[in-house]
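Commentary on secondary and tertiary structure
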Amino acid sequence: QPSETGSEKPPDAPDRDPRMPDPTPQTPALRPALSGPTLLPTKMPRELVATVPASDLRVECEIALAMIQPANLPAFGLQVERLAVHYPENRLSVEEQKILKADWWRLLGHVPPDLMATGVDRFILSKNRFFPTPGQFLELIETDLRYRQRLADRASAVMDLIGAAA
């Protein structure tokens, strides 16, 4: 039977339960409107500033910098609670839950909200049977986070050069 995208669903594929949330997508590709693929990873900052219009670079840089903004505390706490629902074998008291959330916030509070959700999805979909440590969780999103941080570093360098050239 055809799906919304026009492709056919394999006959043995189970129907998706409509009550279940859609899986969190992978880290989005940085594609500013009308600019095609991102330029930030392709050239060094000075070369970019010399060859690409500043307005196009500003758009890409703003997107790259936005992609590393950390989650706010309520959004972060919601993701930790999502994990706890899936791994309930370790019933914690209210005080212990507060300590757990505070430790996770202290150690992972720098993670953007969409990467937190992606990490939770990845852990839930893994074969792990117990609640993760912050280090185990970070391993799941480390590559995505490192890529975003490098883009943001390059974006900062480009923005500095654009500002100096103005």
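This next bit is on helix α3 (residues 73-86). Given 3.6 residues to a turn, an α-helix orients residues that are three or four positions apart in the same direction. With 14 residues, α3 should cover 20 Å at 1.5 Å per step; its first-to-last C-alpha distance of 20 Å lies within 8% of that length. Among all positions of α3, only Phe76, Gly77, Gln79, Val80 and Leu83 are buried. The buried side chains of α3 occupy one side of the element, clustering within an arc of 160° when seen end-on. Along α3, the residues that are exposed and aim more than 90 degrees away from the buried face are Pro74 and Val85. Sitting at the amino-terminal end of α3 is Asn72, which places a side-chain oxygen 2.8 Å from the backbone nitrogen of Ala75.

Before going further, it helps to spend a moment on the confidence of the model for the protein chain. In this model, the protein chain carries an average pLDDT of 81, and 75% of its residues clear a pLDDT of 70 or more. Per-element confidence in the protein chain ranges from a low mean pLDDT of 89 for helix α1 (residues 45-51) to a high of 94 for helix α5 (residues 113-125). Scored below 50 in pLDDT, residues 27-37 shows 23 contacts in the model against residues more than four places distant or in partner chains.

Two measures describe an aromatic ring pair: the distance that separates the ring centres and the angle between the ring planes. Inspection of the entire model under this criterion finds four aromatic pairs. In this structure an aromatic cluster arises from ring pairing among Trp104, Phe131 and Phe137.

Within the largest apolar cluster, 16 residues are counted, with the highest numbers of intra-cluster contacts made by Phe76, Leu83, Trp104, Leu108, Val111, Phe131 and Phe137. Looking at this core element by element, the count peaks at four residues for α5. Here Trp104 is in contact with Phe76, Val80, Leu83, Gly109, Phe131, Pro132, Thr133, Pro134 and Phe137, once residues within four sequence places are set aside. Leu40, Leu57, Ala64 and Val158 belong to the second-largest nonpolar core, a separate cluster that totals ten residues.

Cut-off values and rules
- Residues numbered from 1 in each chain as written.
- Predicted model: local features only at pLDDT ≥ 70, side-chain atom pairs only at ≥ 80, totals over all residues.
- Heavy atoms only, no water.
- Helix = DSSP H or I, 4+ residues; strand = E, 2+ residues; numbered from the N terminus.
- Expected span 1.5 Å × (residues − 1).
- Buried < 20%, exposed > 50% of the residue type's maximum accessible area, 1.4 Å probe, protein only.
- Arc of directions from axis to C-beta.
- Polar contact = N/O pair within 3.5 Å; in protein donor to acceptor, adjacent residues only side chain to side chain.
- pLDDT = per-residue confidence, 0-100.
- Contact = heavy atoms within 4.5 Å.
- Phe/Tyr/Trp six-rings, centres within 6.5 Å; stacked < 30°, edge-to-face > 60°.
- Core = buried A, V, L, I, M, F, W, Y, C linked by side-chain atoms within 4.5 Å.

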